[in-house]
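What follows is each chain in one-letter form.
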There are 2 protein chains.
Amino acid sequence: MPDSLMPNVPATLFADPREARRAIRAGRHTGWTANVAPGFVQGNLAILPADWAGEFLRYCQLNPKPCPIVGMSEPGDPFLPQLGQDLDIRSDVPSYRVFRDGVPEGDVPDIAHLWRDDLVAFVLGCSFSFEAALLDAGLPLRHIACGTGVPMYLTNVPTAPAGRFHGNLVVSMRPFKPADAVRAVQVTSRFPNVHGAPVHIGLPHLIGIDDIDQPWEGPATEVMADELPVFWACGVTPQAAIRMARPPFAITHTPGHMVVTDIRNAAVAAL
Amino acid sequence: MPDSLMPNVPATLFADPREARRAIRAGRHTGWTANVAPGFVQGNLAILPADWAGEFLRYCQLNPKPCPIVGMSEPGDPFLPQLGQDLDIRSDVPSYRVFRDGVPEGDVPDIAHLWRDDLVAFVLGCSFSFEAALLDAGLPLRHIACGTGVPMYLTNVPTAPAGRFHGNLVVSMRPFKPADAVRAVQVTSRFPNVHGAPVHIGLPHLIGIDDIDQPWEGPATEVMADELPVFWACGVTPQAAIRMARPPFAITHTPGHMVVTDIRNAAVAAL
């Protein structure tokens with residue numbers, strides 16, 4: 001991801017994702033990861049007990065656009081070698097959010113003391129990868145130009161339920177001029193493992209968004225008169241499903257503090 | 001192209017494009033080609049004197065989306081072996097339109113008597129190929145379901161001029177639900193040689209279309225409240241440019257009466 005991606009944060013940190021994870025593990029980097037290890041896939045984190053993990057896996061497989069699985073651990077094993085050399089999911093994320101019965105209990109910088117031999121870690125693709133591809137293609141991203149997060153909306157589109165996991169699709173929105181919207185479909189279609197192509201263009205009321213200026217999460221982003229709102233499936237969808245399913249124990253990343261992997265963005269491009 | 005493509009015309013004619021051209025040459029098929037040789041590329045025809053052909057070639061190369069060159073002849077040579085076995089452009093199109101000084105003079109079933117040793121034939125990709133791909137992908141096309149032609153609009157978007165050829169882009173419009181519009185971008189992106197991806201989605205006034213119910217050519221097609229109008233560059237663009245350039249002599253096909261080639265639609269897919 002070029003530095004311009006987040007103009008309000010410091011310049012790129014850690015060209016090498018392994019170096020980044022070592023710094024995170026040592027407590028030397030505790031902040032957002034948007035400017036960390038550009039060009040490498042980052043992921044959403046969800047950790048669940050094994051007796052919930054099977055249903056969650058099924059939920060992700062039924063809903064691949066909001067919940068693209070980049071990797072998952074064996075029960076009790078905190079390492080994900082397929083995602084990164086020596087990647088220890090207990091310590092290598094800058095900030096974790098702990099849930100009891102679906103309710104957030106607080107954020108912690110390390111979960112070694114909370115780790116159990118029945119926990120399964122899921123890493124799901126995130127939009128940073130396709131946003132980098134959009135910027136590389138010369139397409140402007142207003143929320144990045146404005147130095148803010150992306151607006152997210154809870155739609156009226158149900159996800160496919162799996163056991164106790166269910167809920168409506170959450171989408172992120174980026175405005176584009178019509179010809180750029182076509183190009184954005186082409187560019188993001190190359191990245192099916194990180195949300196892929198948009199799920200909706202224009203006509204937000206058709207998916208239950210009555211006021212584009214009132215996001216469900218994140219700051220509002222202006223849609224100019226010559227632009228269409230373009231909507232992508234969002235990785236907040238599985239987090240919302242976890243909150244509603246109310247497992248007795250769960251851990252996610254803190255928003256913006258992602259899992260940094262050794263996988264290059266270019267390596268997850270389909271074409 | 002499946003029979004369902006044109007429900008108001010008879011069932012598929014001529015599985016083999018060579019057989020179709022033989023029938024056309026013999027005067028046994030004089031009608032539209034929409035139901036002829038499904039699965040094979042059909043093309044728009046433009047025939048110009050050699051002293052105009054160079055500028056027209058440059059115009060097409062500068063404007064590949066409305067003017068995708070599928071093949072062209074040597075000056076004076078009426079055969080296009082790269083497009084079809086024994087394809088004689090003087091006799092193998094069901095109906096031709098003759099222009100003098102940019103003004104249509106009438107339609108004829110054969111141009112052998114008009115052929116000259118300075119004429120150059122251009123065959124340009126047409127939307128039949130990508131429409132077949134859209135239907136194959138399960139996407140509905142309303143103008144086909146209604147058994148009518150596609151609506152076309154003269155935009156305010158200038159093409160790149162080349163010598164005496166210039167003019168604004170003409171687009172065709174097909175309405176889609178938003179998620180289908182995304183899929184339509186993906187499907188037609190595979191066919192850059194037959195107009196490719198849409199040039200515009202939604203917001204027709206931005207490209208100079210003030211009333212979607214008043215096409216420039218072709219019948220109006222209803223856009224439902226839950227649909228977006230999706231616009232593709234149209235092969236009528238070069239015909240409009242020829243009319244405005246007013247070459248002393250030119251021949252095109254009669255609308256709907258296309259050049260039937262031996263090239264499979266699947267063979268012009270980019271991916």
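Residues numbered from 1 in each chain as written. Chains lettered and ligands numbered in written order. Predicted model: local features only at pLDDT ≥ 70, side-chain atom pairs only at ≥ 80, totals over all residues. Heavy atoms only, no water.

### Side note on empty space enclosed by the protein
Residue and element names in this part refer to chain B.
- On inspection of all chains with the given rule, the structure shows one cavity of 30 Å³ or more.
- Approximately 30 Å³ is the volume attributed to the largest cavity.
- Taken together, Asn44, Leu45, Ala46, Leu124, Gly235, Pro238, Gln239 and Ile242 form the lining of the largest cavity.
- For the lining of the largest cavity, the elements supplying multiple residues, two or more each, are β1 (40-49) and α6 (236-245).
- Looking at side-chain class alone, the lining of the largest cavity contains five nonpolar, three polar and no charged residues. (1 Å grid on protein atoms, 1.4 Å probe; cavity = no way out; pocket = protein on both sides within 12 Å on 5 of 7 lines; lining within 4 Å. Points joined across faces, edges and corners; volume = space filled by probe spheres on them. Helix = DSSP H or I, 4+ residues; strand = E, 2+ residues; numbered from the N terminus. Nonpolar A, V, L, I, M, F, W, Y, C, P; charged D, E, K, R; others polar.)

### Considerations on the pattern of salt bridges
Residue and element names in this part refer to chain A.
- Under the criterion given, the structure shown has 24 salt bridges over all chains.
- A salt bridge links Arg25 to Asp92; its shortest N-O distance comes to 2.8 Å. Taken together, the residues span a long stretch of sequence, with Arg25 in helix α1 (residues 17-25) and Asp92 in the loop between β2 (69-72) and β3 (96-100) at a distance of 67 residues.
- A relative accessible area of 2% means that Asp92 is categorised as buried.
- Between Asp118 and Arg116 there is a salt bridge whose closest N-O contact spans 3.0 Å.
- Residue classification places Arg116 among the partly exposed residues on the basis of a relative accessible area of 32%.
- If you follow the salt bridges from partner to partner, you end up with Arg25, Asp86 and Asp92 in one network. (Salt bridge = Lys/Arg side-chain N within 4 Å of Asp/Glu carboxyl O. Buried < 20%, exposed > 50% of the residue type's maximum accessible area, 1.4 Å probe, protein only.)

### Topic: the interface of chain B and chain A
- In this complex, chain B contributes 18 residues to the contact, which on the side of chain A involves 18 residues.
- Of the roughly 1,400 Å² buried at the junction of chain B and chain A (both faces included), carbon and sulfur atoms supply 77%.
- The three residues of chain B that bury the most area against chain A are Pro178, Val182 and Ile201 of chain B, which together make up 32% of that side's buried surface.
- The tally of links from chain B across to chain A stands at zero salt bridges.
- Inspection of the chain B/chain A interface yields two residue pairs in polar contact (both at pLDDT 80 or more).
- For the side of chain B that touches chain A, the elements supplying multiple residues, two or more each, are α5 (178-189) and β8 (200-201) of chain B.
- Taken together, the residues of the side of chain B that touches chain A break down into 13 nonpolar, three polar and two charged. (Contact = heavy atoms within 4.5 Å. Buried area = accessible area lost by both parts, 1.4 Å probe. Polar contact = N/O pair within 3.5 Å; in protein donor to acceptor, adjacent residues only side chain to side chain.)

### What about the relation of the copies chain B and chain A?
- Superposing chain B onto chain A requires a rotation of 180° together with a translation of 0.0 Å along the rotation axis, leaving an RMSD of 0.0 Å. This pairing of chains is accounted for by a two-fold axis.
- Looking at chain B, 100% of its interface residues are interface residues in chain A too, so the copies touch through the same face. (Least-squares fit on C-alpha atoms with pLDDT ≥ 70 in both.)

### Observations concerning the confidence of the model for chain A
- On average, residues of chain A score 93 in pLDDT, and 96% of them are at 70 or above.
- Ignoring residues within four places in sequence, the model shows residues 1-9 of chain A, a span with pLDDT below 50, making 22 contacts including any to other chains. (pLDDT = per-residue confidence, 0-100.)

### Considerations on the sheet that holds strand β6 (residues 152-158) of chain B
Residue and element names in this part refer to chain B.
- Taken together, the four strands give an open sheet; going across it, the order is β6-β7-β9-β8, and neighbouring strands pair in antiparallel fashion. Looking at which strands have only one partner, the edges of the open sheet turn out to be β6 and β8.
- Where β8 meets strand β9 (residues 228-233), two bridges bridge the pair, whose relative direction is antiparallel. From the neighbouring strand, Ile201 faces β9, where its bridge partner is Val230.
- Across the face of the sheet, α6 comes into contact with β6 and β7 (168-176) while running at roughly 155° to β7. (Pairing = 2+ DSSP bridges. Axes fitted to C-alpha atoms, helices over the stretch in contact; angles between N-to-C directions.)

### Concerning the sheet that holds strand β6 (residues 152-158) of chain A
All names here are of chain A.
- One open sheet accounts for four strands, arranged β6-β7-β9-β8; its pairing is antiparallel. For this open sheet the edge positions go to β6 and β8 (200-201), each flanked by a neighbour on one side alone.
- Direction of pairing for β6 relative to strand β7 (residues 168-176): antiparallel, over a ladder of four bridges. Within β7, the residue paired with Pro158 across the bridge is Asn168.

### Here we look at the packing of helix α3 (residues 128-136) of chain A against helix α5 (residues 178-189) of chain A
Residue and element names in this part refer to chain A.
- Here α3 crosses α5 at 130°, and the two axes come no closer than 9 Å. Here α3 is positioned oblique relative to α5, judged by the angle of their axes. You can see that α3 and α5 cross each other, and the crossing is right-handed. Seen from α3, the contacting residues are Phe130, Ala133 and Leu134; seen from α5, they are Ala184, Val187 and Thr188. (Parallel < 35°, antiparallel > 145°, perpendicular 65-115°, else oblique. Left-handed = near helix turned anticlockwise from the far one by under 90°.)

### Some thoughts on the side chain of Ser127 of chain A
All names here are of chain A.
- Considering the arrangement of structural elements, one finds Ser127 in the loop between β5 (119-125) and α3.
- Separated by 3.4 Å, the side chains of Ser127 and Arg174 make a polar contact.
- Residue contacts for Ser127: discarding those within four places in its chain leaves Arg174 and His195.

### Notes on the packing of aromatic side chains
Residues and elements named next belong to chain B.
- According to the stated counting rule, one finds 14 aromatic pairs over all chains in the structure shown.
- Taken together, a centroid distance of 5.3 Å and an interplanar angle of 65° make the contact between Phe56 and Phe165 edge-to-face. You can see Phe56 sitting in helix α2 (residues 50-62) and its partner Phe165 sitting in the loop between β6 and β7, a full 109 residues away along the chain.
- Phe56 gets classed as buried once you look at its relative accessible area, which sits at 0%. (Phe/Tyr/Trp six-rings, centres within 6.5 Å; stacked < 30°, edge-to-face > 60°.)

### A word on the side chain of Arg142 of chain B
All names here are of chain B.
- Within the secondary structure, Arg142 is located in helix α4 (residues 142-145).
- For Arg142, the side chain forms a polar contact with the main-chain oxygen of Glu222, separated by 2.7 Å.
- Once residues within four sequence positions are removed from consideration, Arg142 is found in contact with Pro175, Thr221, Glu222, Val223, Met224 and Glu227.

### Looking at the state of the cysteines
Residues and elements named next belong to chain A.
- The final tally for this structure, using the stated rule, is zero disulfides over all chains.
- In this model Cys146 remains outside any disulfide bridge; the closest cysteine sulfur is found in Cys234, 18 Å from its own.
- Cys146 sits in the partly exposed class, given a relative accessible area of 47%. (Disulfide = S-S within 2.5 Å.)

### Focus on a negative patch on the surface
Residue and element names in this part refer to chain A.
- A cluster of acidic residues, Asp210, Asp211, Asp213 and Glu222, forms a negative patch on the protein surface.
- Assignment of secondary structure puts Asp210 in the loop between β8 and β9 (228-233).
- Looking at Asp210, the relative accessible area reads 75%, which means it is exposed. (Patch = residues over 30% accessible without salt bridge, like charges linked within 9 Å, V, L, I, M, F, W, Y side chains within 5 Å. Areas by Shrake-Rupley, 256 points an atom, 1.4 Å probe, with all protein chains shown as cover. Lys, Arg positive; Asp, Glu negative; His and termini not counted. Charge placed at Lys NZ, Arg CZ, Asp CG, Glu CD.)

### Notes on the nonpolar core
- If you look at the biggest cluster of nonpolar residues, it comprises 63 residues, and the most contacted ones within it are Phe176 of chain A together with Leu45, Ile47, Ile89 and Phe176 of chain B.
- Phe176 of chain A has contacts with Leu134, Leu139, Pro140, Leu141, Ala181, Ala184, Glu227, Leu228, Val230 and Trp232 of chain A, leaving out every residue within four places of it along the chain.
- Counting 19 residues, the second-largest nonpolar core is a separate cluster that includes Ile89, Val93, Val108 and Ile111 of chain A. (Core = buried A, V, L, I, M, F, W, Y, C linked by side-chain atoms within 4.5 Å.)

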